[in-house]
Amino acid sequence: MRLDKFLSQQLAISRSLVLRELRAQRVTVDGEIIKSGAFKLLPEHQVAFDGNPLQQQNGARYFMLHKPPGYVCSTDDPDHPTILYFIDEPVAYKLHAAGRLDIDTSGLVLLTDDGQWSHRITSPKHHCEKTYLVTLSQPLDDDTAHRFAAGILLRGEKDATRPARLEQLDEHRVRLTISEGRYHQVKRMFAAVGNHVEQLHRERIGAVELDDDLAPGEYRPLTDEEVKSLG
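Residues numbered from 1 in each chain as written. Predicted model: local features only at pLDDT ≥ 70, side-chain atom pairs only at ≥ 80, totals over all residues. Heavy atoms only, no water.

In the annotation of an unreviewed UniProt entry, the protein chain is listed under the name Pseudouridine synthase and assigned to Affinibrenneria salicis. What UniProt records for the protein chain under Sequence similarities (unreviewed entry) is the sentence "Belongs to the pseudouridine synthase RsuA family." (UniProt positions renumbered as here; feature names shortened; annotations may be inferred.)

Shown next as C-alpha cells:
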C-alpha cells in the first residue's frame, strides 16, 4: 500500500493534508523521515506519526460487541450515538455490523471489515440462526410455541415466517430462535399473536454466543474457531 493512502486511512484526513504532514517531516518509517506519499509500505514496516506508532492492518478483522440499548448499529448517524463509540481500534470506521440490532435492543453484535463474511451471516439464503431473550408485557399464550413453529404471517407480508423455536422461561420471558432477519421480526411476531415485546436481547448468532465476561459496551476479537463457524 502507498504511504499516503495508509496515512489518509489511519488519520482520517484527505490525501492533500497527508502530503502537507509528510512535507512537515512528521512521518517516519522504521525511524527514518519519509516525505514521499508514493513510498511503498511493506507489512514489516513500522510507521509513526509525530513519534506515535500507527498499526498496519493486514487481513480482515472480526469482533463481538455486547451492545447496550441506546446505540444504533450504523457506523454514522447524525441523531444517535453509534456502536463505534465503544470500538478502540485503528480505522474503526471501516468496520460494520454483520446483522444489526434496533436502538432499544441489547446483546450480541458482530463487527467486521470482511464484506463476504458478513454477507454469509445476513443473506436470507443461508438461514443463519439467531437466538433472543425476550421479555413480554403479557403472559405467554399456551399455543404461541406451536404457532411460531408453524410460521407466522406478519402484517404486510405475503409469506409466513420460517419455523421458529420458542422456549418458555417463565410467564413473561422466553428464548426465541429464528433463522431469518425480517424488519423488526421478533417484535412483529409477538404482535401478530397479541403480545408486546418490552425487552429484547440477542444471545447468539449461528454457533457464536455472547461472551458472559463482556459487560455492556465491551468487546473482544472473535477466535479463529468462531470466525470459521460463521464462514
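J.: Any details on the domain arrangement of the protein chain? Residues and values, ideally.
T.: Segmentation of the protein chain into domains returns domain 1 (3–54), domain 2 (59–126 + 212–230) and domain 3 (129–205). One C-alpha centre belongs to domain 2, the other to domain 3; they are set 23 Å apart. Counting the contacts that link domain 2 with domain 3 gives two salt bridges. With its nearest N and O atoms 3.2 Å apart, the salt bridge here joins D102 to K187. (Domains from an automatic or database assignment. Salt bridge = Lys/Arg side-chain N within 4 Å of Asp/Glu carboxyl O.)

J.: Lay out the pairing of strand β11 (residues 197–205) in plain terms, naming residues and giving numbers.
T.: For a regular strand, side chains alternate in direction, first toward one face of the sheet and then toward the other. Among the nine residues of β11, seven are classified as buried, and the element is accordingly described as predominantly covered. In terms of strand pairing, strand β7 (residues 106–112) meets β11 through two bridges, oriented parallel. Within β11, the position partnered with S106 by the bridge is H201. Pairing analysis gives seven bridges linking strand β8 (residues 130–136) to β11, with the strands arranged antiparallel. Bridging across to β11, Y132 finds its partner in R202. Strand direction decides the pairing type here: β11 and strand β12 (residues 208–209), joined by two bridges, are antiparallel. (Buried < 20%, exposed > 50% of the residue type's maximum accessible area, 1.4 Å probe, protein only. Helix = DSSP H or I, 4+ residues; strand = E, 2+ residues; numbered from the N terminus. Pairing = 2+ DSSP bridges.)

J.: For the pairing of strand β9 (residues 165–168), give the residues involved together with the corresponding values.
T.: Across four bridges, β9 lies against strand β10 (residues 173–178) in antiparallel orientation. Paired with L166 across the two strands is L176, which belongs to β10. From the end of β9 to the start of β10, which pair antiparallel, there are four residues.

J.: Can you tell me about unusual backbone geometry, naming the residues and giving the values?
T.: One non-glycine residue with positive phi stands out, namely D30, at about 55°. Locating D30 in the fold gives a position in the loop between β1 (27–29) and β2 (32–33). Phi is positive for V91, close to 40°, though the residue is something other than glycine. Within the secondary structure layout, V91 lies in the loop between β5 (62–67) and β6 (96–97).

J.: Tell me about helix α3 (residues 115–122), and name the residues and values.
T.: Turning to α3, its buried residues are W117, S118 and I121. Along α3, the residues classed as buried sweep out an arc of 95° about the axis, all on the same side. Close packing links the buried residues of α3 with β5, β6, β7, β8, β11 and α6 (224–229). Taking the backbone nitrogen of Q116 as reference, a side-chain oxygen 3.2 Å away marks D114 as the first, capping residue of α3. (Arc of directions from axis to C-beta. Contact = heavy atoms within 4.5 Å. Polar contact = N/O pair within 3.5 Å; in protein donor to acceptor, adjacent residues only side chain to side chain.)

J.: Any chance you could break down the UniProt feature "domain: RNA-binding S4" (unreviewed entry) in the protein chain for me, citing the residues and the numbers?
T.: What UniProt calls "domain: RNA-binding S4" (unreviewed entry) maps, in this numbering, to residues 1–59. The span residues 1–59 carries 31% helix and 19% strand; its end-to-end C-alpha distance comes to 13 Å.

J.: Run through the pattern of salt bridges, naming residues and quoting values.
T.: For the coordinates displayed, the defined rule picks out 18 salt bridges. Notably, a salt bridge pairs E157 with R188, separated by 3.2 Å at the nearest N-O pair. Within this pair, whereas E157 is found in the loop between α4 (144–150) and β9, its partner R188 is found in helix α5 (residues 185–192), the two being separated by 31 residues in sequence. We classify R188 as partly exposed; its relative accessible area is 21%.

J.: How would you sum up the environment of L169? Please name residues and give values.
T.: With respect to the helices and strands, the residue L169 is situated in the loop between β9 and β10. Distance from L169 to V134, taken between C-alpha atoms, is 9.6 Å for residues 35 residues apart in sequence. The residues contacting L169, other than those within four sequence positions of it, are L133, V174 and R175.

J.: I'd like to hear about a negative patch on the surface, residue by residue, with values.
T.: Together, E209, D212, D213 and E218 make up a negatively charged patch on the protein surface. Among the secondary structure elements, D212 is positioned in the loop between β12 and β13 (219–221). Given a relative accessible area of 78%, D212 falls into the exposed group. (Patch = residues over 30% accessible without salt bridge, like charges linked within 9 Å, V, L, I, M, F, W, Y side chains within 5 Å. Areas by Shrake-Rupley, 256 points an atom, 1.4 Å probe, with all protein chains shown as cover. Lys, Arg positive; Asp, Glu negative; His and termini not counted. Charge placed at Lys NZ, Arg CZ, Asp CG, Glu CD.)

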